[in-house]
Amino acid sequence: ANSTVMHSLLSIHFIPTCKLVSELFNICIMPSVCVGVMVLLKSIAVKYTWLLFCGSAVELLPAEQRRLLKWKMSTVTPNVVKHTIARSHFKVTKKSHDWLGCWGHHMKSPGFKAIGEHQKLNHFPGTFQIGRKDRLWRNLSKMQARFGKQEFSFFPRTFVLPQDIKLLRKAWEDSGSRQKWIIKPPASARGIGIQVIHKWSQMPRKRPLLVQKYLHKPYLISGNKFDLRIYVYVTSYDPLRIYIFSDGLVRFASCKYSSSMKTLGNKFMHLTNYSVNKKNSEYQTNSDDKACQGHKWALKALWQYLGARGVNTTLIWEKIKDIVIKTIIASEPYVNSLLKMNLKTPYSCHELFGFDIMLDEKLKPWILEVNISPSLHSNTALDVSIKGQMIRDLLNLAGFRIPQKEDVIAPCSSASSSTSRTKPDLSADEKVKRAFYLTQRYADQDFLSTVLDVLTPEDVRLLAESEDELTRLGQFERIFPSPSSSRYLRFFECSRYLNILLDQWEQKHWNNRTKGISLLTSLCQKGVHLGTSDPAHMVRNCGKRTSVYPKKFKFV
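Residues numbered from 1 in each chain as written. Predicted model: local features only at pLDDT ≥ 70, side-chain atom pairs only at ≥ 80, totals over all residues. Heavy atoms only, no water.

Chemist: Quick rundown of helix 16 (residues 513-525)? Include the residues and the values.
Modeler: With 13 residues, helix 16 ought to run about 18 Å at 1.5 Å a step, and its terminal C-alpha atoms sit 18 Å apart, in line with that. After helix 16 finishes, the residue Gly527 shows a positive phi value of roughly 80°. (Helix = DSSP H or I, 4+ residues; strand = E, 2+ residues; numbered from the N terminus. Expected span 1.5 Å × (residues − 1).)

And the structure:
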């Protein structure tokens, strides 16, 4: 069994044109970066077959495996996902137990208990902690109070009513009569219910409400304000792995901007939402992803436009990445708590976020909101080009697995609501190692680097999974962990062993991944990832490292 090869599979290559419906997409099988990688499910070594969605002419999967390709459609599954899935030879199923993937609604946390170990849904439980406007600002404000404005100064001052009504009244009076405020319902979308006001008498009486200082000096292009839709993808919360798509959308207000108080009621001037501005008779469409024209551009077109005018777009992009990482970390304790309570395996969740970012007159990026169900409607060739490519790359990066046939059977009623895992618990040896690294109050880099000295079976499996993801990036970039992301570990509410492990791996192997992959390949060929009694991979028995671990962490 140790010589079994884990395969990466299923690469969906979307053709970024309006003709994509006529293209034929097949499924291919590709070798993993790590030979022999397996996991233990039900005490049996089972190989993972990864699904990759490919646009080139390739050999189809065997019929027995094709029969397992089932996808559950929902009323909110966007066409761009439906087309991709159909071309990859998935069949639609209405059953609750035999589907491998679903792109659906967010649901209440207990609903995740029904998801099988072979199934993957496009949401994590608890991400409403940044997806709802009121929760986003509460969580970012907590981070700001803890770590200071120097680190968390990328969101405008915000009040949640009715709780903050007295604080808002004082801030209103201190700001003077020229201050503008923007009013938002906490759980709305598409610009519904948003207004810009400057008089207390204009404050809506209906609660709850979100009230923010209005960013009244935005960066303008041809006199129009705009915002950026940034696509962020999280494949795992423990360890945390965050990706950002290299392209996105630039949405312009369809009327030229004015700071005059008399214009505050003009939504076509002050709001950038496409769903609002498309109703303006002066709205101009744009179908060219390279053109700087109309009221919607590609993000890459914006970078080219600004770069031609001497703007350091790399610096802006790095600041946006910083905002993304810190915001996702703000949701991390809630999501991980709910994952442990409601999921059989962390494999079953992944999520696409739509970050809305605005640039002020000094080109400083500010976060406006986070969408946990960003629109994937593709009404124009520009939308198809960007969203089609992004979804193709996302589904590749997701790493859908072909399960064993016996794992896709209807569960009994008692098992369907259980969150018990069939995967074995951590070994006593691995628990020793994790406890040791998580209980060190003052751990410096020299100490933390020793986490790689003795790689346990679970370490090897996790590192192999992480390296495999990097072979399926497409146009995504991993921004956490990264060679420079160690500084973000202090922002976590509690330290997590797997974040430390991946961080140290990145620091050691980022400039020579081949060496790291060779090491993992060698360990997998020896079967270390399946569990081992080899002293070289057991913390308590390893002569080289035994002196590092105090006696209280050793088992006799």
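Next comes the rest of the account.
Chemist: Describe empty space enclosed by the protein, naming the residues involved and giving the relevant values.
Modeler: Applying the stated criterion across every chain yields a total of one cavity of 30 Å³ or more. Lining the largest cavity are 19 residues, and of these Ile182, Lys184, Leu271, Met358 and Leu368 lie nearest its centre. Counted by class, the lining of the largest cavity contains eight nonpolar, four polar and seven charged residues. (1 Å grid on protein atoms, 1.4 Å probe; cavity = no way out; pocket = protein on both sides within 12 Å on 5 of 7 lines; lining within 4 Å. Points joined across faces, edges and corners; volume = space filled by probe spheres on them. Nonpolar A, V, L, I, M, F, W, Y, C, P; charged D, E, K, R; others polar.)

Chemist: Before we move on, can you summarise the packing of aromatic side chains with the specific residues and values?
Modeler: Counting across every chain of the model gives 25 aromatic pairs. Pairing Trp71 with Phe90 gives two aromatic rings, centres 5.5 Å apart and planes at 90°, and the pair type is edge-to-face. With Trp71 in strand 6 (residues 70-72) and Phe90 in the loop between helix 2 (79-87) and strand 7 (91-92), this pair connects stretches of sequence that are 19 residues apart. The class for Phe90 is buried, based on a relative accessible area of 6%. Aromatic side chains Phe159 and Trp181 sit 6.2 Å apart centroid to centroid with 55° between the ring planes, which places their arrangement in the tilted category. One end of the pair, Phe159, is in strand 10 (residues 158-161); the other, Trp181, is in strand 11 (residues 181-184), with 22 residues separating them in the sequence. With relative accessibility at 1%, the residue Trp181 sits in the buried group. Through successive ring pairs, a cluster of aromatic residues spans Trp137, Phe147, Phe152, Phe154, Phe155, Tyr488 and Phe491. One Lys or Arg, Lys326, reaches over the ring of Phe152 and ends 5.3 Å from the middle of that ring. Seen from the ring of Tyr488, Arg487 lies directly overhead, with NZ or CZ sitting 4.9 Å from the centre. (Phe/Tyr/Trp six-rings, centres within 6.5 Å; stacked < 30°, edge-to-face > 60°. Buried < 20%, exposed > 50% of the residue type's maximum accessible area, 1.4 Å probe, protein only. Lys NZ or Arg CZ within 6 Å of the ring centre and 35° of its normal.)

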